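Descriptive structure summary
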Amino acid sequence: MSVELDLTRKPGAPVVSNLAGLGRERLRQALIGAGVEEKKARMRATQLWRWIYHYGVTDFSKMTDVAKELRVVLGETFVLERPPVSMAQTSVDGTRKWLIGYGPNAEAECVYIPDVGKAGALCVSSQVGCTLTCTFCHTGTQKLVRNLTAAEIVNQVMVARDALEEWPTSNEDRRLTNIVFMGMGEPLYNLDNVVEALDTIGDGDGISISKRRITVSTAGVAPKIPELGQRTGAMLAISLHATNDDLRDELVPLNKKYDLKELFGAIRAYPDLSNSRRVTFEYVMLKGVNDTLAEAKDLVRLLKGLPSKINLIPFNPWPGTKYECSDWETIEAFAEVLNRAGYASPIRTPRGRDILAACGQLRSESVKEKASEALKRRLAEKEAGLE
Ligand code: SAH
């Protein structure tokens, strides 16, 4: 063991204290930083990987195949922690929502929705707040606070699996089988971290949720769309909501930057699209705004030749919104046009509305601290002896 461990911290080694959520390479680097010999680091990282992501342990002493001395060193150097959950709510329909703290002024939500996907889907956030200002979206009224790191994204899955008691990873009777990046934020504006998180979540020796069961939704950051597919193999979802540029400019202002033509060019360049790997189009039903039958027909025309499925999302209201949800008959008539064109069962029943966990209702109170406010806070903390 003494041969394997050189306990002097290497200069420049990353200072990481929480190993939970890290990808393989970061884990290996952290072990080297803690003094594990470079030659052995990969093997040690593989051992730890299984404990962290297959068994979900939060205590190094449980890692029975790791030498005792190393376990002690790891326990002194690192933790295996989940981020704090500041609120956990369960809807009458079984949807569960967790508000997760990521340090001062940074909270993000994640939502577990039973009976979606193979058994149940976890909707994860990629950013605290959002830079986009889609007019019908509650999160869009909150400014971007910051990107979440890959580990912070992965830790949403860890929190959910703790709560659902899904350790160790099993291949049967899982409740959490799918992941959708449809929580707070625009995943393609945080692509590197999303890619790293997907690698960890999809890894077959750990959480093991296959990339085909992971869907990344974008409001339409066209230049990043093919790259997402190349780097991850994840399924693609597009928040479309309008079939012409004028209306889409209004609902999804990002459309002014990447219009429908550019967006569809990028979607067609998404790798490996086929009937078993379709693009999901999300279309929120807004009363008197985008819900005419003519628009349903335009939608069919727009998607022609593209392996796609459509999710009609009844608009979920939130305090202060100017929109209303389309009438049920209107949604059904709209769906009927799509059905006749060969798109199956497209209406998505709203879930978790009572706990504001439905699409577009997520919002945290987090705000970005202004530099002046941060300074004030630090001075106050210093005075109170907290620093
Ligand atoms: N920024 C990404 C990821 C967020 S996904 C994206 O836009 O795709 C969240 C989904 O919920 C998007 O399709 C969004 O358009 C939709 N949505 C937002 N607000 C909504 C609301 N109030 N009711 C129903 N769906 C909403």
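Note that the structure is a prediction, hence the values are computed from the model and not measured.

**Section: the overall build of the protein**
The secondary structure content of the protein amounts to 11 helices and 11 strands. In the protein, once contacts between residues fewer than 6 apart in sequence are set aside, the share between residues at least 24 apart is 66%. Summed over all atoms, the accessible surface of the protein reaches about 17,700 Å², with 51% contributed by carbon and sulfur.

**Some remarks on helix α1 (residues 24-33)**
If you check which residues of α1 are buried, you get Leu27, Arg28, Ala30, Leu31, Ile32 and Gly33. Buried residues along α1 sit in contact with α2 (38-54) and α3 (68-77). Within two residues after α1, Gly35 carries a phi angle of roughly 110°, on the positive side.

**Quick notes on helix α9 (residues 293-302)**
Of the positions making up α9, those classed as buried are Glu295, Ala296 and Leu299. Buried residues of α9, viewed axially, fall in a sector of 105°; they line one side. Looking at the buried residues of α9, the elements they touch are α7 (245-251), β10 (279-285), β11 (308-314) and α10 (328-340).

**Observations concerning the packing of aromatic side chains**
Summed over the entire model, instances satisfying the criterion amount to 5 aromatic pairs. Looking at Arg24, its charged tip hangs above the ring of Trp49, at a distance of 4.5 Å from the centre. The positively charged end of Arg161 is found above the aromatic ring belonging to Trp167, 4.4 Å away from the centroid.

**Some details on the packing of α1 against α2**
In helix packing, the relevant descriptors are the interaxial angle and the interaxial distance, both defined with respect to the helix axes. With their axes 8 Å apart at the nearest point, α1 and α2 run at an angle of 120° to one another. When the interaxial angle is binned, α1 and α2 end up oblique. Considering how the two elements wind past one another, α1 and α2 form a crossing that is right-handed. Taken together, the residues of α2 that come into contact with α1 (itself represented by Arg24, Leu27, Arg28, Leu31 and Ile32) are Glu38, Ala41, Arg42, Arg44, Ala45, Thr46, Leu48, Trp49 and Ile52. Across the contact of α1 with α2, the residue classes tally to 8 nonpolar, 1 polar and 5 charged.

**Details of the side chain of Ser126**
Relative to the helices and strands, Ser126 is located in the loop between β4 (120-123) and β5 (127-128). Overall, Ser126 belongs to the buried group, its relative accessible area being 2%. Not counting residues up to four positions away in its chain, the partners in contact with Ser126 are Asn147, Leu148, Ile153, Phe181, Met184, Gly185, Glu186, Pro187, Asn190 and Val194.

**Comments concerning the pairing of strand β8 (residues 214-218)**
Most of β8 sits out of view: 5 of its 5 residues are buried. Along β8, one buried face is formed by Ile214, Val216 and Thr218 and the opposite face, lined by Thr215 and Ser217, is buried too. Pairing between strand β7 (residues 178-181) and β8: 3 bridges, direction parallel. Residue pairing in the sheet places Val180 in a bridge with Thr215 of β8. With helix α5 (residues 191-202) bridging β7 and its parallel neighbour β8, the resulting β-α-β unit is right-handed. Examined bridge by bridge, β8 and strand β9 (residues 235-239) share 4 bridges and lie parallel to one another.

**Observations concerning the packing of α5 against helix α6 (residues 225-232)**
Two elements in contact, α5 and α6, have axes whose closest approach is 10 Å; the angle formed by their N-to-C orientations is 25°. The pairing of α5 with α6 is recorded here as roughly parallel in orientation. Crossing hand, α5 versus α6: right-handed. Facing α5, whose interface residues are Leu191, Asp192, Val195 and Leu198, α6 presents Glu227, Leu228, Arg231 and Thr232. Grouping the constituent residues of the contact of α5 with α6 by class yields 4 nonpolar, 1 polar and 3 charged.

**A look at the side chain of Thr200**
Structurally, Thr200 can be placed in helix α5. The contacts of Thr200, once residues within four sequence positions are left out, are Leu22, Gly23, Trp49, Tyr53 and Val154.

**Structural notes on the sheet that holds strand β2 (residues 96-101)**
Strand order across the open sheet formed by 9 strands is β1-β2-β3-β4-β7-β8-β9-β10-β11, with mixed pairing between neighbours. This sheet does not close on itself; its edge strands, each paired only once, are β1 (85-90) and β11. Between one strand axis and the next, the sheet turns by 20° as a mean value, whatever way the strands run. In this structure, β4 lies alongside β7, joined through 3 bridges in parallel fashion. In the sheet register, Cys123 faces β7, and the bridge partner there is Val180. The strands touched by helix α4 (residues 150-163) are β1, β2, β3 (107-114), β4 and β7; relative to β2, the strand with the most contacts, the crossing angle is about 130°.

Scoring rules and cut-offs
- Residues numbered from 1 in each chain as written.
- Predicted model: local features only at pLDDT ≥ 70, side-chain atom pairs only at ≥ 80, totals over all residues.
- Heavy atoms only, no water.
- Helix = DSSP H or I, 4+ residues; strand = E, 2+ residues; numbered from the N terminus.
- Contact = heavy atoms within 4.5 Å.
- Areas by Shrake-Rupley, 256 points an atom, 1.4 Å probe, with all protein chains shown as cover.
- Buried < 20%, exposed > 50% of the residue type's maximum accessible area, 1.4 Å probe, protein only.
- Arc of directions from axis to C-beta.
- Phe/Tyr/Trp six-rings, centres within 6.5 Å; stacked < 30°, edge-to-face > 60°.
- Lys NZ or Arg CZ within 6 Å of the ring centre and 35° of its normal.
- Axes fitted to C-alpha atoms, helices over the stretch in contact; angles between N-to-C directions.
- Parallel < 35°, antiparallel > 145°, perpendicular 65-115°, else oblique.
- Left-handed = near helix turned anticlockwise from the far one by under 90°.
- Nonpolar A, V, L, I, M, F, W, Y, C, P; charged D, E, K, R; others polar.
- Pairing = 2+ DSSP bridges.
- Right-handed = clockwise from strand over helix to strand, strands pointing away.

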